[in-house]
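Coordinates in review
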Amino acid sequence: MRQFYADACVFARRCGHLAWHPVPDLVLNARFLMRPMTGVDRVATELALALMRRGPPLGFSRLRARRPAGEIASAEARPASLLDITSPSPARFGSQVWEQLSLARADPQDWLLSPCNIGPIGRKRQIVIIHDAQVFRQPKAYSRAFRTWYRVAQPHLARTAAQILTVSEFSRGELAECGIADADKVGVVPNGADHILRTAPDAKTLTRHNLTPDGFILVIGSLAPHKNLARLAKAALARADRRMPLVIAGGGNPSVFAEAGIKPDPDLRFLGRITDAELRALYEAARALAIPSITEGFGLPAVEAMTCGCPVIASTGGALPEVCGDAALLVDPLDTGGWTAAMDLITEDDALAQDLRAAGLARAERFTWDSAAARLAEHLAPLAMH
């Protein structure tokens with residue numbers, strides 16, 4: 001199909017029909033390189049790398065990226081191939097001002113891909129990935145300035161940008177229900193998770209934290225209210241069988257959790273911030289990953305865990321049932337007793353753990369970054385002709 005399109009363009013140019021329509025570039029809005037990596041930044045990075053492996057999407061000349069002037073955050077940890085295609089702006093605006101003023105006017109003949117929830121609101125020749133409606137659904141998790149800006153900017157972007165994308169059918173419905181974007185303007189590009197396999201597991205992780213293989217239940221820590229971590233901790237302390245501690249990775253030190261009412265206990269372990277290598281080691285060794293979120297736009301840790309062969313206990317909130325399918329044990333996020341029972345069950349039932357492990361590995365095969373880039377390219381191809 002790609003060769004057919006290329007041949008058609010050559011023929012049309014020879015006939016004079018495309019003389020006024022040069023092949024555009026796809027320009028990645030790489031403002032995310034200027035801050036510590038978050039979940040949406042991971043998605044932006046992996047989509048860019050997958051597009052580079054595939055070659056330019058149909059109808060585009062090449063993929064390149066633009067970023068503000070200044071130092072890249074944790075530059076040593078960023079993929080060199082992505083940095084190679086990224087050019088800094090000569091404008092000395094702050095990051096967000098640069099996005100709204102300088103990037104909005106740059107390369108008007110090309111298409112801009114803004115992958116991290118926001119982009120220049122004055123730009124029409126643009127594709128924006130809005131991952132979820134959390135600012136609208138969970139306003140207490142964000143500062144007043146942040147949520148005010150997003151509540152103004154995102155609906156405006158949805159009206160002006162040529163294409164809005166999101167990461168799940170659930171998020172697509174949320175964007176429509178919250179008045180951010182019309183459902184018929186929103187396409188879905190699910191995340192991949194196979195990036196976790198690029199990093200070798202840190203072999204010393206379990207020894208460092210006094211853990212044993214298949215001897216703990218893992219949760220990725222965050223005190224954002226919709227992550228529901230306090231309820232999960234309460235459920236863990238109510239278990240009849242406490243052989244396997246609940247291990248909380250990320251999200252700060254124990255004092256941070258204590259301030260939120262989650263106090264240290266022999267059955268609760270706080271690991272603090274961890275590296276990707278440690279995370280992979282934890283996924284591969286855990287009895288299960290628990291995700292108690294009240295809502296999730298996608299739920300990337302669930303698929304990362306499945307990719308590493310880790311059974312998953314997930315809430316029925318948000319996109320998690322859509323993403324996990326029948327490959328996870330599903331629990332109502334507000335049912336504390338249900339979480340206690342699920343953790344007891346996964347601790348006691350070796351056959352269930354093995355079944356979930358196999359089902360998760362099979363489920364994860366559909367969530368790769370190459371398949372995500374292919375879905376993205378399908379949405380981009382029609383735009384290149386305009």
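Our structure is the block above this text.
Presented here is an overview of the structure given in this document.

**Digging into the packing of aromatic side chains**
- Scanning the model with the defined rule gives three aromatic pairs in all.
- Considering the side-chain rings of Tyr142 and Phe146, the 5.4 Å spacing of their centres and the 10° angle between planes classify their relative orientation as stacked.
- Judged by relative accessible area, which is 23%, Tyr142 ranks as partly exposed.
- With a relative accessible area of 32%, Phe146 lands in the partly exposed category.
- Between Phe298 and Phe367, the ring centres sit 5.7 Å apart and the planes meet at 80°, which makes this aromatic pair edge-to-face. In this pair, Phe298 sits in the loop between β11 (288–291) and α12 (300–307) while Phe367 sits in the loop between α15 (350–364) and α16 (369–384), placing the two residues 69 residues apart along the sequence.
- Linked through ring pairs, Tyr142, Phe146 and Tyr150 together constitute an aromatic cluster.
- Above the face of the Phe136 ring, Arg151 is positioned so that its terminal group lies 5.8 Å from the ring centre.

**Some details on the sheet that holds strand β9 (residues 246–249)**
- Reading across the sheet, the six strands line up as β10-β9-β8-β11-β12-β13 and stay open at both edges, with parallel pairing between neighbours. The open sheet has two edge strands, β10 (268–272) and β13 (329–331), and neither has a second partner. The sheet shows a mean angle of 25° between the axes of neighbouring strands, taken without regard to direction.
- Relative to β9, strand β8 (residues 217–220) runs parallel, the two sharing four bridges.

**Considering the environment of Ile127**
- Position of Ile127 among the secondary structure elements: in strand β5 (residues 126–129).
- Taking the C-alpha atoms as reference points, Ile127 and Pro245, separated by 118 residues in sequence, lie 44 Å from one another.
- With sequence-adjacent residues up to four places away left out, Ile127 is seen in contact with Leu26, Trp111, Leu112, Leu113, Ser114, Gln163, Leu165, Leu380 and Leu383.

**Some words on the environment of Gly59**
- One can find Gly59 in the loop between α2 (39–54) and β2 (63–67).
- Using a relative accessible area of 10% as the deciding quantity, one classes Gly59 as buried.
- Distance from Gly59 to Leu237, taken between C-alpha atoms, is 56 Å for residues 178 residues apart in sequence.

**Quick look at the nonpolar core**
- By size, the foremost hydrophobic cluster in this structure holds 35 residues, and its most contacted members are Phe216, Leu218, Leu282, Tyr283 and Val312.
- Where this core is concerned, the elements lending two or more residues are β9, α11 (276–285), β11, α12, β12 (312–315) and α13 (320–324).
- Considering each element in turn, this core owes the most residues, five residues, to α12.
- Ignoring sequence-local partners within four residues, the contact set of Val312 consists of Leu289, Ile291, Ala302, Ala305, Met306, Ala328, Leu329 and Leu356.
- Counting 31 residues, the second largest nonpolar core, distinct from the first, contains Val43, Ala44, Leu113 and Val189.

**Re the layout of surface pockets**
- The calculated volume of the second largest pocket comes to roughly 190 Å³.
- As for the second largest pocket, its lining consists of 15 residues, and the residues nearest its centre are Pro190, Phe298, Arg366, Phe367 and Arg375.
- It is α16 that contributes the most residues to the lining of the second largest pocket, three residues altogether.
- Of the residues that constitute the lining of the second largest pocket, the class distribution is seven nonpolar, four polar and four charged.

**Focus on the sheet that holds strand β4 (residues 111–114)**
- As summarised here, the arrangement of the seven strands in space is β3-β2-β1-β4-β5-β6-β7, forming an open sheet in which the pairing is parallel. Among the strands making up the open sheet, the edge pair consists of β3 (86–88) and β7 (186–188). Put simply, the sheet's adjacent strands are angled 25° from each other on average, direction ignored.
- In this sheet, strand β6 (residues 163–166) lies alongside β5 in parallel orientation, the contact comprising three bridges. In the sheet register, Ile127 faces β6, and the bridge partner there is Gln163.

**Comments concerning α11**
- Taken across its ten residues, α11 has eight buried, putting it largely inside the fold.
- Buried residues of α11: Ala277, Glu278, Leu279, Arg280, Ala281, Leu282, Tyr283 and Ala285, and no others.

**Quick notes on the pattern of salt bridges**
- Applying the stated criterion across every chain yields a total of 23 salt bridges.
- Here Arg172 and Glu169 are joined by a salt bridge, their closest N and O atoms 3.7 Å apart. Residue Arg172 and its partner Glu169 are both found in helix α7 (residues 169–177); the two are separated by three residues, about one turn of the helix.
- According to the relative accessible area criterion, Glu169 is partly exposed, its value standing at 45%.
- One salt bridge connects Glu284 with Arg280, and the closest N-O pair in it is separated by 2.8 Å. Here the residue Glu284 and the residue Arg280 both occupy positions in helix α11, the gap between them amounting to four residues, near one helical turn.

Procedures and definitions
Residues numbered from 1 in each chain as written. Predicted model: local features only at pLDDT ≥ 70, side-chain atom pairs only at ≥ 80, totals over all residues. Heavy atoms only, no water. Phe/Tyr/Trp six-rings, centres within 6.5 Å; stacked < 30°, edge-to-face > 60°. Buried < 20%, exposed > 50% of the residue type's maximum accessible area, 1.4 Å probe, protein only. Helix = DSSP H or I, 4+ residues; strand = E, 2+ residues; numbered from the N terminus. Lys NZ or Arg CZ within 6 Å of the ring centre and 35° of its normal. Pairing = 2+ DSSP bridges. Axes fitted to C-alpha atoms, helices over the stretch in contact; angles between N-to-C directions. Contact = heavy atoms within 4.5 Å. Core = buried A, V, L, I, M, F, W, Y, C linked by side-chain atoms within 4.5 Å. 1 Å grid on protein atoms, 1.4 Å probe; cavity = no way out; pocket = protein on both sides within 12 Å on 5 of 7 lines; lining within 4 Å. Points joined across faces, edges and corners; volume = space filled by probe spheres on them. Nonpolar A, V, L, I, M, F, W, Y, C, P; charged D, E, K, R; others polar. Salt bridge = Lys/Arg side-chain N within 4 Å of Asp/Glu carboxyl O.

Geometry only, nothing functional implied.
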